[in-house]
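Chains, contacts and geometry: an overview
Below are the chains, spelled out letter by letter.
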Amino acid sequence: MPAMPAIMRTTAARLSALYLLLFAICAVVLVVYVTSLSVRMMTVQTRETIADEVRGLVSAYQRGGLPTLVRVLETRSRQPGANLYLIADPNGLILTGNVESLQPGALDTIGWTERPFFYRRYGDGGGRERHSAMAHVIRLPNQMILLVGRDLGEPERFREVVRNALVAALGMMGFGAVLIWYFVGRRALRRIDSVSEASRQIMGGDLSRRLPVSGAGDEFDRLSENLNAMLERIAALNEGLKQVSANIAHDLKTPLTRLRNRAEAALGSGDEAACREALEATIAESDQLIRTFNAILMISRLEAGHSAEAIKPVDLAAIVADVVELYEPAAEEMGVALTARTVEPATIDGNRELIGQALSNIVDNAIKYSAGVHERPAVAVSLERKGGTVRLTVVDNGPGIPQAERKRVTERFVRLEASRTQPGSGLGLSLAKAVMTFHGGELELSGNGEGLSVAMVFPAGKNA
Amino acid sequence: MKILVIEDDREAAGFLKKAFAEAGHTADVAPDGETGYTLADTGNYDVFVIDRMLPRRDGLSIIAELRARGNTTPALILSALGEVDDRVTGLRAGGDDYLTKPYAFSELLARIEVLKRRAGTKDVETVYRVGDLELDRLSHTVRRAGQEIALQPREFRLLEYLMRHAGQVVTRTMLLENVWEYHFDPQTNVIDVHISRLRSKIEKGFDKPILHTVRGAGYVIRAD
């Protein structure tokens with residue numbers, strides 16, 4: 001229905017129309033039922049009255065014959081609101097009574113007339129007005145016909161009054177419904193239109209816009225508030241994505257450009273030894289790129305959640321021993337003392353591979369950044385239980401990270417300017433953070449005067 | 001060595017075929033799962049390289065059915081999926097090794113050569129010998145030219161793995177997987193430092209180098 005005005009297309013309007021219709025049907029059925037019941041009762045009453053009269057008239061006839069009957073009849077005829085009285089000869093010719101004429105055939109049936117008939121009464125004047133009535137007809141012993149009847153105007157009038165009342169009531173109901181749906185519908189429409197308008201602008205690219213909240217605290221407000229929260233989240237994710245794209249673009253473009261330039265230079269040189277060297281450097285660079293990609297993939301899959309199969313009881317102390325043993329020679333070569341300080345036994349539900357990798361990344365960073373900074377560079381790993389948590393901490397005495405930048409370094413690809421020259425993908429801490437999130441834990445960065453302390457905080461779980 | 005590559009990426013498959021040929025192997029390529037299974041079932045191959053996601057039939061079901069039919073040809077699974085427990089699923093289906101895309105060809109080649117050799121089983125030997133270097137797995141002793149060399153437990157395991165695959169290139173990742181039992185990519189040079197410590201112990205005072213570095217790939221123990 002494209003021509004339908006907007007207000008008709010609101011839910012409020014449709015509901016109002018439906019309720020109105022149902023209510024009207026119920027009202028009509030009820031009124032018709034009550035009316036017909038009343039009319040039937042009135043008819044029964046009329047019949048009883050007429051039957052009484054007939055009995056009275058017959059007994060008057062028996063008492064004094066026709067003259068008495070005629071006298072009684074005439075007296076009754078003159079009373080206001082009198083019934084219909086008529087005496088006719090056996091051929092149906094009207095002899096006396098207050099009826100001037102009858103619908104032909106009205107006197108043919110003896111007993112109750114089956115249907116209302118039309119008649120004309122004396123004193124009605126020459127008007128064409130016809131009245132309908134029902135009557136009882138009897139044949140007197142002298143073959144004369146006596147009719148006693150009652151005008152049906154009363155039930156007709158009753159019906160009419162009810163009909164008028166019904167029409168008036170339905171009319172008012174309809175009017176009320178239209179008013180209600182106009183105001184309720186228009187209000188709903190206005191709210192929804194403003195929400196639609198805001199969403200259109202948001203879809204149009206204005207991500208900072210929010211849906212209007214009227215402050216009434218109604219269902220529209222709750223909806224808008226939830227949608228706004230959703231938009232907040234989308235905007236945050238979008239911002240993160242933008243940041244990551246920019247960082248990826250920067251961090252991958254650089255090695256890719258280097259790859260390309262090196263290949264071009266090697267081709268141009270024409271020297272076989274130079275070509276060979278360039279190819280080897282290309283392979284090394286590609287391996288680093290693959291490593292970066294794998295780290296990105298790993299972070300995404302960790303952020304996507306996990307299957308229960310990947311989680312098993314793991315001995316954190318064993319992982320600490322493994323990683324320290326793995327890095328100890330490399331650390332020593334760089335002049336860094338790598339030690340496992342306090343290691344309490346701690347078993348948690350987790351993934352050995354992921355925790356091992358995260359710890360390696362942190363230890364790797366610690367060694368890299370403390371080497372050559374301090375007189376006696378040192379990295380210490382400790383594992384201890386604290387409250388409901390298990391803390392795996394790596395402390396170094398390197399330059400540390402300024403308080404303001406600590407949160408930022410766990411974002412993907414973020415490398416502080418000072419470290420841009422160091423080898424690495426810039427994904428080490430992000431990966432460690434993703435691993436901690438995967439385990440329902442946290443990655444905490446803090447400083448201890450000098451240096452940096454990175455703590456992997458696991459929930460102790462049922463195995464602790 | 002005859003290799004069956006089941007890989008639907010035409011370009012990647014073509015590259016593998018050419019690269020395997022350059023390394024002295026012959027490779028057949030099946031572009032989809034059904035063809036791959038039919039070829040694999042002929043029993044004409046030494047090693048399978050199977051992509052996990054293939055048209056018409058997925059890689060894991062091919063391996064599972066081959067294993068059910070008694071085919072024990074070693075299979076390496078290539079995967080771009082990268083779920084946390086992908087590797088476990090792959091190995092449980094009957095795969096012998098697992099590599100996530102993107103990978104370096106040198107890594108794939110080294111792993112395939114080791115898989116092929118593993119099928120020839122050397123695990124029953126109790127003493128490995130390479131030139132004048134000797135490793136006794138029962139007494140945990142290492143001798144070179146009859147002279148005992150003292151090694152740390154981890155160095156012993158490192159040497160044991162290298163000697164079991166003597167003459168074959170082993171990558172840093174393979175060493176981390178088999179000696180430390182972690183399946184991530186070793187950052188920077190941690191493995192190199194372990195190797196150089198081991199090297200200094202088994203080569204210092206002897207004329208000939210025995211533990212060689214293969215540039216861009218890994219290490220090989222070999223008596224020249």
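Residues numbered from 1 in each chain as written. Chains lettered and ligands numbered in written order. Predicted model: local features only at pLDDT ≥ 70, side-chain atom pairs only at ≥ 80, totals over all residues. Heavy atoms only, no water.

The subject of this paragraph is the overall build of chain B. Across its full length, chain B carries eight helices and twelve strands. Out of the 224 residues belonging to chain B, those deemed buried represent 49%. Considering only residue pairs separated by 6 or more positions, chain B has 56% of its internal contacts joining residues 24 or more positions apart. In the form shown here, chain B has an accessible surface area of approximately 10100 Å², with 49% of it arising from carbon and sulfur atoms. (Helix = DSSP H or I, 4+ residues; strand = E, 2+ residues; numbered from the N terminus. Buried < 20%, exposed > 50% of the residue type's maximum accessible area, 1.4 Å probe, protein only. Contact = heavy atoms within 4.5 Å. Areas by Shrake-Rupley, 256 points an atom, 1.4 Å probe, with all protein chains shown as cover.)

Moving on to the pairing of strand 1 (residues 2-6) of chain B. Residues and elements named next belong to chain B. Within strand 1, four of the five residues are buried, which leaves it mostly tucked inside the rest of the structure. Here strand 1 runs beside strand 2 (residues 26-30); their pairing, made up of five bridges, is parallel. For V5, the partnering residue across the bridge sits in strand 2 and is V29. Traced from strand 1 through helix 1 (residues 10-22) to strand 2, the parallel crossover comes out right-handed. Judged from the four bridges that link them, strand 1 and strand 3 (residues 47-51) form a sheet pairing that is parallel. Opposite I3, over in strand 3, you have V47 as the bridge partner. (Pairing = 2+ DSSP bridges. Right-handed = clockwise from strand over helix to strand, strands pointing away.)

Residue and element names in this part refer to chain A. Closest axis-to-axis distance for the helix 5 (residues 316-333)/helix 6 (residues 352-370) pair is 10 Å, and the angle between their directions is 35 degrees. The element helix 5 and its partner helix 6 pack so that their crossing is right-handed. Contact residues: helix 5 offers L316, I319, V320, D322, V323, Y327 and A331, while helix 6 offers R352, I355, G356, L359, S360, V363, D364 and I367. Split into classes, the residues belonging to the contact of helix 5 with helix 6 amount to ten nonpolar, two polar and three charged. (Axes fitted to C-alpha atoms, helices over the stretch in contact; angles between N-to-C directions. Left-handed = near helix turned anticlockwise from the far one by under 90°. Nonpolar A, V, L, I, M, F, W, Y, C, P; charged D, E, K, R; others polar.)

Residue and element names in this part refer to chain B. As recorded in UniProt, the feature "modified residue: 4-aspartylphosphate" (unreviewed entry) lies at D51. Topologically, D51 is positioned in strand 3. Residue D51 is classed as buried on the basis of its relative accessible area of 5%. The contact partners of D51, leaving out residues within four places of it in the chain, are I6, E7, D8, G59, L78 and K101. (UniProt positions renumbered as here; feature names shortened; annotations may be inferred.)

All names here are of chain B. Side chains Y128 and V130 of strand 6 (residues 127-130) all project onto a buried face; the interleaved residues V127 and R129 project onto a face where none is buried. Here strand 6 pairs with strand 7 (residues 133-136) via four bridges, running antiparallel. Residue pairing for strand 7: V127 is matched across the bridge by D136. Where strand 6 folds back onto strand 7 in an antiparallel hairpin, the turn is made up of two residues, including G131, whose phi is positive at roughly 60 degrees.

Quick look at the pattern of salt bridges now. For the coordinates displayed, the defined rule picks out 33 salt bridges over all chains. Of the charged contacts, one joins D221 of chain A and R191 of chain A as a salt bridge, the two residues approaching to 3.0 Å between their closest N and O atoms. Pair noted here: D221 of chain A is in helix 3 (residues 219-269) and R191 of chain A is in helix 2 (residues 153-203), with a separation of 30 residues, a long-range link. With relative accessibility at 1%, the residue D221 of chain A sits in the buried group. Note that E325 of chain A and R154 of chain B form a salt bridge whose closest N and O atoms lie 3.0 Å from each other. Within this pair, whereas E325 of chain A is found in helix 5, its partner R154 of chain B is found in helix 6 (residues 153-164), the two belonging to separate chains. The structure contains a network of salt bridges with shared partners spanning D322, E325 and R352 of chain A together with R154 of chain B. (Salt bridge = Lys/Arg side-chain N within 4 Å of Asp/Glu carboxyl O.)

Turning our attention to the sheet that holds strand 3 of chain B. Residues and elements named next belong to chain B. If you walk across this open sheet you meet the five strands as 2-1-3-4-5, and the pairing is parallel. What marks the edges here is a single partner per strand, and that holds for strand 2 and strand 5 (97-100). Ignoring which end each strand starts from, the neighbouring axes of this sheet average 20 degrees apart. Strands in contact with helix 2 (residues 33-40) are strand 1, strand 2 and strand 3; relative to strand 1, the strand with the most contacts, it is inclined by about 160 degrees. Those strands touched by helix 3 (residues 59-68) are strand 1, strand 3 and strand 4 (75-79), and its axis lies near 145 degrees from that of strand 3.

Residues and elements named next belong to chain A. Examined against the element boundaries, G174 turns out to sit in helix 2. A relative accessible area of 15% means that G174 is categorised as buried. On a C-alpha basis, the gap between G174 and A24 in space is 8.9 Å, while along the polypeptide they are 150 residues apart.

Here the focus is the side chain of D89 of chain A. Residue and element names in this part refer to chain A. Its place among the elements puts D89 in the loop between strand 1 (84-88) and strand 2 (94-97). Here the side chain of D89 touches L93 through a polar contact of 2.8 Å, landing on its backbone nitrogen. Aside from chain neighbours lying at most four places away, what touches D89 is L95, M144 and I145. (Polar contact = N/O pair within 3.5 Å; in protein donor to acceptor, adjacent residues only side chain to side chain.)

Residue and element names in this part refer to chain A. Across its 32 residues, helix 4 (residues 272-303) extends 46 Å between first and last C-alpha, which sits within 8% of the 46 Å expected from 1.5 Å per residue. Within the span of helix 4, buried status applies to A278, E285, L289, I290, T292, A295, I296, M298, I299, R301 and L302. A side-chain oxygen of the first residue of helix 4 lies 3.3 Å from the backbone nitrogen of A273; this N-cap is D271. (Expected span 1.5 Å × (residues − 1).)

On to the packing of aromatic side chains. Tallying each qualifying case throughout the model produces four aromatic pairs over all chains. Relative to F184 of chain B, the ring of Y182 of chain B has its centre 5.7 Å away and its plane inclined at 50 degrees; by these criteria the two rings are tilted. With respect to class, Y182 of chain B is no different from F184 of chain B; both count as buried. One residue, R352 of chain A, lies across the ring of Y182 of chain B, its end atom 3.9 Å from the ring centre. Above the face of the Y37 of chain B ring, R57 of chain B is positioned so that its terminal group lies 4.6 Å from the ring centre. (Phe/Tyr/Trp six-rings, centres within 6.5 Å; stacked < 30°, edge-to-face > 60°. Lys NZ or Arg CZ within 6 Å of the ring centre and 35° of its normal.)

What follows concerns the nonpolar core. With 86 residues, the main nonpolar core has M456 of chain A together with L175 and I221 of chain B as its most contacted residues. With ten residues, the top contributor of residues to this core is helix 5 of chain A. Residues in contact with I221 of chain B, not counting those within four places in the same chain, are V130, L133, L159, L162, M163, A166, G167, I202, I210 and L211 of chain B. (Core = buried A, V, L, I, M, F, W, Y, C linked by side-chain atoms within 4.5 Å.)

This paragraph deals with the sheet that holds strand 6 of chain B. All names here are of chain B. In space, the four strands of this open sheet follow the order 6-7-8-9, with antiparallel pairing throughout. Edge positions in the sheet fall to strand 6 and strand 9 (147-149), since each has one partner strand and no second. Here the strands of the sheet are splayed against their neighbours by 25 degrees on average, with no regard to which way each runs. As judged from the three bridges shared by strand 8 (residues 141-144) and strand 9, these two strands associate in the antiparallel manner. Opposite V142, over in strand 9, you have I149 as the bridge partner. Its contacts with the sheet put helix 6 on strand 6, strand 7 and strand 8, and the angle it makes with strand 7 is roughly 115 degrees.

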